[in-house]
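What the coordinates show
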Amino acid sequence: MIPNSFYYSHDVFRQEMDRVFPAGFEFVCLLSELREDKDFVCIDYQGCAVVVQNFKGELKAFKNVCSHRFNKIQFEDKGNRPLTCRYHGWSYNAAGLPIGVANRIEPLDLAEDYLCLTRYRIEVCGQFVFVARNESPQTLREFLGVFHDVLENLSASLGPQIHFGQVPHKANWKVLVENVIDNQHCALLHRETFVSFGFCRTPVEEVVTEGLHSSWHVPRTPMDRDGLRRRALSHLQSRTFAHDSFYHIYIFPNLFIASTEGISFYIGHALPLSAEETLLRVRYHEPAVELKPSERVRQDLLNEQTRVYGLEIVEEDRPILESIQKGVQLANNPGVTSKGEPRIREFMDRYMDMMRSRQVSEAGTYES
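Below you will find a few notes about this structure.

Parameters and conventions
Residues numbered from 1 in each chain as written. Predicted model: local features only at pLDDT ≥ 70, side-chain atom pairs only at ≥ 80, totals over all residues. Heavy atoms only, no water. Pairing = 2+ DSSP bridges. Helix = DSSP H or I, 4+ residues; strand = E, 2+ residues; numbered from the N terminus. Axes fitted to C-alpha atoms, helices over the stretch in contact; angles between N-to-C directions. Contact = heavy atoms within 4.5 Å. Polar contact = N/O pair within 3.5 Å; in protein donor to acceptor, adjacent residues only side chain to side chain. Buried < 20%, exposed > 50% of the residue type's maximum accessible area, 1.4 Å probe, protein only.

The subject of this paragraph is the sheet that holds strand S10 (residues 158–169). Sheet architecture is open: seven strands sit in the order S10-S16-S15-S14-S13-S12-S11, paired in antiparallel fashion. What marks the edges here is a single partner per strand, and that holds for S10 and strand S11 (205–210). Taken over all neighbouring pairs, the strand axes of this sheet differ in orientation by 15° on average, direction set aside. Sheet analysis places strand S14 (residues 255–260) next to strand S15 (residues 264–274), joined by six bridges and oriented antiparallel. Counterpart to Phe 256 in the pairing with S15 is Gly 268. Set on the sheet, helix H3 (residues 147–155) makes contact with S10, S11, strand S12 (213–219), strand S13 (245–251), S14 and S15; between it and S13 the angle comes to about 125°. Those strands touched by helix H7 (residues 293–327) are S10, S15 and strand S16 (277–287), and its axis lies near 25° from that of S10.

Structural data, given as structure tokens:
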């Protein structure tokens, strides 16, 4: 089990930001969000400020901090503008070097790289864009393992984005992780949403763990109104990523991917702001299917239902997770896991292995 203090200790949190998050690859965004020249996406959390920018079709990743006076270069979560600082107008090229500023600074004996933005390695799997902030020779395929092919396959069926938003949580990032890989709360907490569509009425199936990552299928139980439902979804019969389940994938440390029968897709991204605050970045996508004009209207209605119910499920979880964050600081003993929580057990074990590599004590300090 993870010691209780690891969910609220600021010392432990700083160690996580130094060791756990930069240890492998970190998800940034989808390729579709970087389609045009000057498109950019930022991820910004404790100890991390990354911008991925499109330079005439070439994607580059940098630390989002101007080398002149430390202003953040891109302010928005995503957008389209040059990589130019708003403070003094320093612009940077695809190599991360400032353009046309040689005569605007005091004459200093500085190497060219001194003014260069910190560069990060960028790799893509299907539609999923990742960066590596470390010096490890590990490739993205090696990091993802069996899930590399899964993400590539899913990406081919990922259609247009129907929602992008952010939901603040007053809870540690690990609380959000444990919630999404927990299947036992759904039958009670999501009775009017998830369960009403036929999910979480039978045990999960096809549990897969690969290193730090995991997945499972939550089967869908047939319901009385399925005939009407099939007719309403008939325009999606040609979708290629079809399965009779809710398929959930967790990519360590903070990426959550879900497909509801290939009818809709959810991408959750937990950004740790502090030991007790996490910003959940939420994306919903429709499937990649060619539609007739009359079918487009039907799909738009389905998209709105996906957005409304998806955000409702997030809001059903949020107060519980914030309650857990308070309770873990009051509890006398660590929690327990049951036999039906294999992914939580695996996450905790792997996480603690990483933390023990630096000999972290329960008080959040290094042991000698």
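Here the narrative resumes.
Secondary-structure assignment places Ser 67 in the loop between strand S4 (58–63) and strand S5 (78–80). A distance of 2.7 Å separates a polar atom in the side chain of Ser 67 from the backbone oxygen of Leu 115. Leave out the neighbours within four places in its chain, and Ser 67 touches Trp 90, Tyr 92, Leu 115 and Leu 117.

What follows deals with the pairing of S16. Extensive coverage of S16 is indicated by the burial of 10 of its 11 residues. Two strands pair when backbone bridges link them, and S10 and S16 are joined in this way by nine bridges, in the antiparallel orientation. In the strand pairing of S16, Val 167 is matched with Leu 280. Relative to S16, S15 runs antiparallel, the two sharing nine bridges. Pairing of Ile 267 across the sheet is with Arg 283, part of S16.

On their own, these measurements won't tell you what the molecule is for.
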